[in-house]
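Single-letter residue listing:
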Amino acid sequence: AKGDPTGALLGMALSCLIFISSIGLFNIISAVFMERVLEYASEKRLQKQHQRLTDKNLWHKNIAKLIDLLLQLHKNHDKTMLGEMWFEEDAVMSQPTLCLTLKSETLESLKAKKISREVIDQALLENQDVAKILSDLDIEPQDCVNLADTLDYDNSGDIDVLELVMGIQRMRGPSRRSDTVAVDLMVRSMQLRID
């Protein structure tokens, strides 16, 4: 009948149900789409990172720059009366002068070179080139905070070039479960030796 309120009420309820179902369905479709987009972006990021980590030219170029820069800074540093370190003005290198130190070195003489922890700490704080090189090598910024402590495994106060290269190579990329297992196995080995 014309004045029946139940028909209008049922029509309104059906309209609300269709509207809510449409919104819910749209939200589900949007969520699935966003999940796929984020998954694709994550996969691409991991592929790009894997390519960077396996790129030997990138590694060689940047580790050579880092060694050269740190050796020059180490050579040019001096201590003031207060024990603070300062770098001479000519210690800041331009791009064309990079790797000049390494060209005159033999492998044996390079292995014997040492860089003080103070130089590395100061270079990380004040030298943007060092930060850029470490970033290019996929070293996380939070890992750079105690880089000298991390690299000086024998706690001698100096880091030789071999320690630097091996340490930087192990620090590249995200931390892996194999790193944690390796540390656990080393600790167990040390415990067995002590016992």
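Computed from a prediction, not measured in an experiment: that's the story for all the values here. Throughout this document, residue positions are counted from 1 along each chain, in the order its sequence is written. Restriction of local features to residues with pLDDT of at least 70 applies here, the model being predicted, together with a cutoff of 80 or more for giving and counting side-chain atom pairs; totals for whole chains, interfaces and linings are based on all residues. The basis for every side-chain value is the complete set of non-hydrogen atoms in the structure, without hydrogens or water.

Segments assigned H or I by DSSP are reported as helices when at least four residues long, segments assigned E as strands when at least two residues long, and all are numbered from the N terminus. Helix and strand counts for the protein chain stand at nine helices and four strands. The secondary structure elements of the protein chain, listed N-terminal to C-terminal, are α-α-β-β-α-α-β-α-α-α-β-α-α. Here the accessible surface of atoms and residues is derived via Shrake-Rupley with a 1.4 Å probe, and residues count as covered only by protein chains that are part of the display. Only carbon and sulfur atoms are counted for the fraction: they give 61% of the accessible area of the protein chain, which is about 14200 Å².

For the rest of this paragraph, the subject is the nonpolar core. Side-chain atoms within 4.5 Å link the members of a nonpolar core, which is a set of buried Ala, Val, Leu, Ile, Met, Phe, Trp, Tyr and Cys residues. Exposure categories follow from relative accessible area, calculated using a 1.4 Å probe and restricted to protein chains: below 20% of the type maximum is buried, above 50% is exposed, and the middle band is partly exposed. Core analysis: the largest hydrophobic core is formed by 28 residues, its most contacted members being Leu134 and Ile168. The set of elements that each furnish at least two residues to this core consists of α2 (56-76), α5 (117-126), α6 (128-136), α7 (147-151) and α8 (161-171). For this core, the leading source of residues is α2, giving eight residues. Any pair of residues with heavy atoms lying within 4.5 Å of one another is described as a contacting pair. Contact partners of Leu134, with chain neighbours within four places excluded, come to Leu66, Leu124, Ile139, Cys144, Leu147 and Ile168.

Our next topic: the pattern of salt bridges. What counts as a salt bridge is simple: a side-chain nitrogen of Lys or Arg found within 4 Å of a carboxyl oxygen of Asp or Glu. In this structure the tally under the stated criterion is six salt bridges. A cluster of three or more residues bridged by salt bridges with shared partners is formed by Arg52, Asp138 and Arg172.

All right, on to the packing of α2 against α8 then. Each axis is a line fitted through C-alpha atoms, taken for helices only over the stretch in contact, and angles between the N-to-C directions span 0 to 180 degrees. Look at α2 against α8: their axes get within 11 Å of each other, and the N-to-C directions meet at 140 degrees. It follows that α2 is oblique to α8 by the angle criterion. α2 and α8 meet at a crossing whose hand is right-handed. Here α2 contributes Trp59, Ile63, Leu66, Ile67 and Leu70 to the contact with α8, which in turn contributes Val161, Leu164, Val165, Ile168 and Gln169. Its residues placed into classes, the contact of α2 with α8 shows nine nonpolar, one polar and no charged. Orientation categories follow fixed angle ranges, with anything under 35 degrees roughly parallel, anything over 145 roughly antiparallel, 65 to 115 roughly perpendicular, and all other angles oblique. Should the near helix be turned anticlockwise from the far one by less than a right angle, the crossing is termed left-handed; should it be turned clockwise, right-handed. Think of it as three bins: nonpolar holds Ala, Val, Leu, Ile, Met, Phe, Trp, Tyr, Cys and Pro, charged holds Asp, Glu, Lys and Arg, and polar takes everything else, Gly as well.

Turning next to the packing of α2 against α6. Where α2 contacts α6, the axes come no closer than 10 Å and their chain directions differ by 155 degrees. Relative to α6, α2 is oriented roughly antiparallel. Between α2 and α6 the crossing geometry is left-handed. Residue-level inspection shows Leu58, Asn62, Lys65, Leu66, Leu69 and Leu70 of α2 in contact with α6, the latter providing Asp129, Val130, Ile133, Leu134 and Asp136. Grouping the amino acids of the contact of α2 with α6 by side-chain chemistry returns seven nonpolar, one polar and three charged.

Moving on: a nonpolar patch on the surface. Patch membership requires over 30% relative accessible area and the absence of a salt bridge. Like charges are linked within 9 Å, and nonpolar side chains (Val, Leu, Ile, Met, Phe, Trp, Tyr) within 5 Å. Together, Phe33, Met34, Val37 and Leu38 give the surface a local cluster of nonpolar side chains, amounting to about 400 Å² of exposed area. Locating Met34 in the fold gives a position in helix α1 (residues 5-54).

So, about α2. Here, expected helix span is obtained from the residue count minus one, scaled by 1.5 Å. If you check α2, its first and last C-alpha atoms are 30 Å apart, about what 21 residues at 1.5 Å a residue would give, namely 30 Å. Counting buried positions along α2 yields 15 of 21 residues, so the element is predominantly enclosed. For this analysis, a polar contact is any N or O atom pair within 3.5 Å, provided that within protein one partner can donate a hydrogen and the other can accept it, and provided that sequence-adjacent residues contribute only side-chain to side-chain pairs. The N-terminus of α2 is capped by Asp55, whose side-chain oxygen sits 3.1 Å from the backbone nitrogen of Asn57.

Backbone geometry places Asp138, a non-glycine residue, at a positive phi of 65 degrees. For Asp138, the position within the fold is in the loop between α6 and α7.

The next point concerns the confidence of the model for the protein chain. Confidence of the predictor in every single residue is expressed as pLDDT, which spans 0 to 100. In this model, the protein chain carries an average pLDDT of 80, and 82% of its residues clear a pLDDT of 70 or more. Considering each helix and strand of the protein chain separately, the mean pLDDT is smallest for strand β2 (residues 85-87), with a value of 48, and largest for α1, with 92. In the model, residues 85-100 has pLDDT below 50 throughout and makes 33 contacts with residues more than four positions away in sequence or in other chains.

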